[in-house]
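Each chain, written out:
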There are 2 protein chains.
Amino acid sequence: MPKLDFWYDLASSYSYLAAMRIETIAANACIDIRWRPFLLGPIFKTQGWVDSPFNLFPAKGRYMLRDLERTCAAASLPFRLPNPFPQRSITAARITLVALDEGWGIDFTKRAFSAEFGEGRDIGERGVPTSLIAELGHDPERVLSLAESPDNKDRLRSETDAAQKLGIFGAPSFVTEDGELFWGNDRLEAALAWARHREAAR
Amino acid sequence: MPKLDFWYDLASSYSYLAAMRIETIAANACIDIRWRPFLLGPIFKTQGWVDSPFNLFPAKGRYMLRDLERTCAAASLPFRLPNPFPQRSITAARITLVALDEGWGIDFTKRAFSAEFGEGRDIGERGVPTSLIAELGHDPERVLSLAESPDNKDRLRSETDAAQKLGIFGAPSFVTEDGELFWGNDRLEAALAWARHREAAR
């Protein structure tokens, strides 16, 4: 099966929309998705942004809120903007890397996005990821200790560096095996079509 | 028929994509489109941008170019980035206001976008709009004199102010009669659906 990399930041509102629908449409398209959490913050910093563009540019931020309300309603997804926005997603991202190794990373990702953007809970608070780990039947202490090991911290930094080298500047982003980059939940279908077309051409 | 305002800057690459397809899909949706040229530059300035975000943020600029190549190919539209990008669109926008009054504004808009993004010609040069006016069977001298009258210049400023008051921060944007704002060529279908739904609810 052709592969498509799904790059997301757990603080990214439009990544929430993509995460909640990618499994079904990728299965229909017979594309294998690799879930790749990373951090947008360090990438924004190299562009001179110290905050989310949705905060730096208020008209864009107001629009995003309304657009998310409409788009989530159309997808029958609950939506509630968490406070603060954006959230500190570093702990959740580190946990996700561990969980992906152990086979429950997709469940954790979706549960974290639902808590954050469906229920408006603060995933930057250590207590929320802790309770989500337990909800999913794992030992929070063990998982957090792996998540915060020096090796795992390095790994998240490497993934973020890899995202930047691929030209990623926002989330969600999708990258095909031949290096085509697609940005935004709205481009998911185009990314899947590209991955399928490339496979057919081989 | 319900109305939808189509706000565009003649320098905006994604407005080219929207302009070339809006007539057909709006006709199928039974929505009346009001074509409203404006200038993004003054709005960008209030956000602290002195250039297009596609130039200020190089990764985003590189992505836009590739995304336009792919999206235009999928729509069977020619694409060639003009130099400089973005173009100075003020003269073309003033002409469009005059042409819209006279009933040939949509033709002029599409011809200007094709010259700019299909052929890579510089519409900021006075010679290009002049030749397009003539191509469309009008007298360039007469039209340019109306376009550059103080009243018409004021009108373009008023339209740009109106766009900003509506919360517009990018182009293309679509605004329904009940004030819903949709941003980007990718949101055209959602804007038409909103306009139709609103009409059905009356």
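Residues numbered from 1 in each chain as written. Chains lettered and ligands numbered in written order. Predicted model: local features only at pLDDT ≥ 70, side-chain atom pairs only at ≥ 80, totals over all residues. Heavy atoms only, no water.

1. Observations concerning the sheet that holds strand β1 (residues 3-8) of chain B
Residue and element names in this part refer to chain B.
Then comes step 1: In space, the four strands of this open sheet follow the order β2-β1-β3-β4, with mixed pairing throughout. Taken across any chain shown, the strands that pair with only one partner, and hence form the sheet edges, are β2 (32-37) and β4 (181-183). Strand-to-strand twist of the sheet, defined as the mean angle between neighbouring strand axes without regard to direction, takes the value 20°.
Then comes step 2: Examined bridge by bridge, β1 and strand β3 (residues 173-176) share four bridges and lie antiparallel to one another. Within the sheet, the bridge partner assigned to Leu 4 lies in β3 and is Thr 176. (Pairing = 2+ DSSP bridges. Helix = DSSP H or I, 4+ residues; strand = E, 2+ residues; numbered from the N terminus. Axes fitted to C-alpha atoms, helices over the stretch in contact; angles between N-to-C directions.)

2. Digging into the confidence of the model for chain A
Then comes step 1: On average, chain A scores 95 in pLDDT, and the residues at 70 or more come to 99%.
Then comes step 2: This complex was scored by the predictor with a pTM of 0.94 and an ipTM of 0.92. (pLDDT = per-residue confidence, 0-100.)

3. Some words on the interface of chain B and chain A
You'll often see interface size given as the accessible area lost when the parts meet.
Then comes step 1: Facing 20 residues of chain B, the contacting portion of chain A comprises 20 residues.
Then comes step 2: Summing the contributions of chain B and of chain A, the shared interface buries around 2000 Å²; its carbon and sulfur component is 54%.
Then comes step 3: The largest share of the area that chain B buries against chain A comes from B:Tyr63, B:Arg70 and B:Arg187, three residues that together contribute 29% of it.
Then comes step 4: B:Arg187 is the partner of A:Asp67 in a salt bridge, and the nearest nitrogen-oxygen pair spans 2.8 Å.
Then comes step 5: Remark: the boundary between chain B and chain A carries twelve residue pairs in polar contact (both at pLDDT 80 or more).
Then comes step 6: Contributions of two or more residues to the side of chain B that touches chain A are made by α4 (58-74) and β4 of chain B. (Contact = heavy atoms within 4.5 Å. Buried area = accessible area lost by both parts, 1.4 Å probe. Salt bridge = Lys/Arg side-chain N within 4 Å of Asp/Glu carboxyl O. Polar contact = N/O pair within 3.5 Å; in protein donor to acceptor, adjacent residues only side chain to side chain.)

4. Focus: the packing of helix α6 (residues 105-118) of chain A against helix α7 (residues 127-135) of chain A
Residue and element names in this part refer to chain A.
Then comes step 1: The geometry of α6 relative to α7 is characterised by a closest axis approach of 10 Å and an angle of 135° between their N-to-C directions. As far as their axial angle goes, α7 and α6 are oblique. In the packing of α6 onto α7, the handedness of the crossing is right-handed. Here Phe 108, Arg 111, Ala 112 and Ala 115 of α6 come into contact with α7, specifically with Pro 129, Leu 132, Ile 133 and Glu 135. (Parallel < 35°, antiparallel > 145°, perpendicular 65-115°, else oblique. Left-handed = near helix turned anticlockwise from the far one by under 90°.)

5. Topic: helix α5 (residues 90-102) of chain A
All names here are of chain A.
Then comes step 1: Its 13 residues place the ends of α5 19 Å apart at the C-alpha level, agreeing with the 18 Å of an ideal helix rising 1.5 Å per residue.
Then comes step 2: What α5 keeps buried is the set Thr 91, Ala 92, Ala 93, Arg 94, Ile 95, Thr 96, Leu 97, Val 98 and Ala 99.
Then comes step 3: Contacts from the buried residues of α5 go to β1 (3-8), β2 (32-37), α6, α7, α8 (140-147) and α9 (150-165).
Then comes step 4: After α5 finishes, the residue Gly 103 shows a positive phi value of roughly 90°. (Expected span 1.5 Å × (residues − 1). Buried < 20%, exposed > 50% of the residue type's maximum accessible area, 1.4 Å probe, protein only.)

6. Points about the relation of the copies chain B and chain A
Then comes step 1: After a rotation of 180° and a shift along the axis of 0.0 Å, chain B superposes on chain A with an RMSD of 0.0 Å. Both copies of the chain, as the preceding transformation shows, are related through a two-fold rotation axis. Proximity to the rotation axis, assessed at the C-alpha, singles out B:Asp186 in chain B; its C-alpha lies 3.6 Å from the axis.
Then comes step 2: By residue overlap, the copies meet face to face through one surface: 100% of the interface positions of chain B are interface positions in chain A. (Least-squares fit on C-alpha atoms with pLDDT ≥ 70 in both.)

7. A short note on the packing of aromatic side chains
Then comes step 1: Across all of its chains, the model carries 34 aromatic pairs over all chains by this definition.
Then comes step 2: Judged by centre distance (6.4 Å) and plane angle (40°), the rings of A:Tyr16 and A:Phe113 are tilted. Here A:Tyr16, found in helix α1 (residues 13-28), pairs with A:Phe113, found in helix α6; they are 97 residues apart in sequence, far enough to count as distant.
Then comes step 3: A:Tyr16 sits in the buried class, given a relative accessible area of 1%.
Then comes step 4: Aromatic pair B:Phe169 and B:Trp183: ring centres 4.9 Å apart, planes at 55°, arrangement tilted. In this pair, B:Phe169 is assigned in the loop between α9 (150-165) and β3 and B:Trp183 in strand β4, connecting sequence segments 14 residues apart.
Then comes step 5: For B:Phe169, a relative accessible area of 4% gives the class buried.
Then comes step 6: For B:Trp183, a relative accessible area of 30% puts it in the partly exposed group.
Then comes step 7: Among the aromatic residues, those joined into a cluster by ring pairs are A:Phe6, A:Tyr8, A:Tyr14, A:Tyr16, A:Trp35, A:Phe54, A:Phe85, A:Phe113, A:Phe117 and A:Phe174.
Then comes step 8: In this structure, A:Arg70 packs its charged tip against the face of B:Phe182, placed 3.7 Å from the ring centre. (Phe/Tyr/Trp six-rings, centres within 6.5 Å; stacked < 30°, edge-to-face > 60°. Lys NZ or Arg CZ within 6 Å of the ring centre and 35° of its normal.)

8. Looking at the sheet that holds β1(A)
Residue and element names in this part refer to chain A.
Then comes step 1: Spatially, four strands are ordered β2-β1-β3-β4 in an open sheet, and the strand pairing comes out mixed. The open sheet is flanked by β2 and β4 (181-183), the only strands paired with a single partner. In this sheet, neighbouring strand axes are inclined to one another by 20° on average, regardless of whether the strands run parallel or antiparallel.
Then comes step 2: Lying on the sheet, α5 is in contact with β1 and β2; it crosses β2 at an angle near 145°.

9. Remarks on the environment of A:Thr46
Residues and elements named next belong to chain A.
Then comes step 1: Secondary-structure assignment places Thr 46 in helix α2 (residues 41-46).
Then comes step 2: Overall, Thr 46 belongs to the exposed group, its relative accessible area being 55%.
Then comes step 3: Each C-alpha atom of the pair Thr 46 and Gln 164 lies 9.9 Å from the other, and the pair is 118 residues apart in sequence.
Then comes step 4: Within the structure, the side chain of Thr 46 is placed 2.8 Å from the backbone oxygen of Ile 43, a separation counted as a polar contact.

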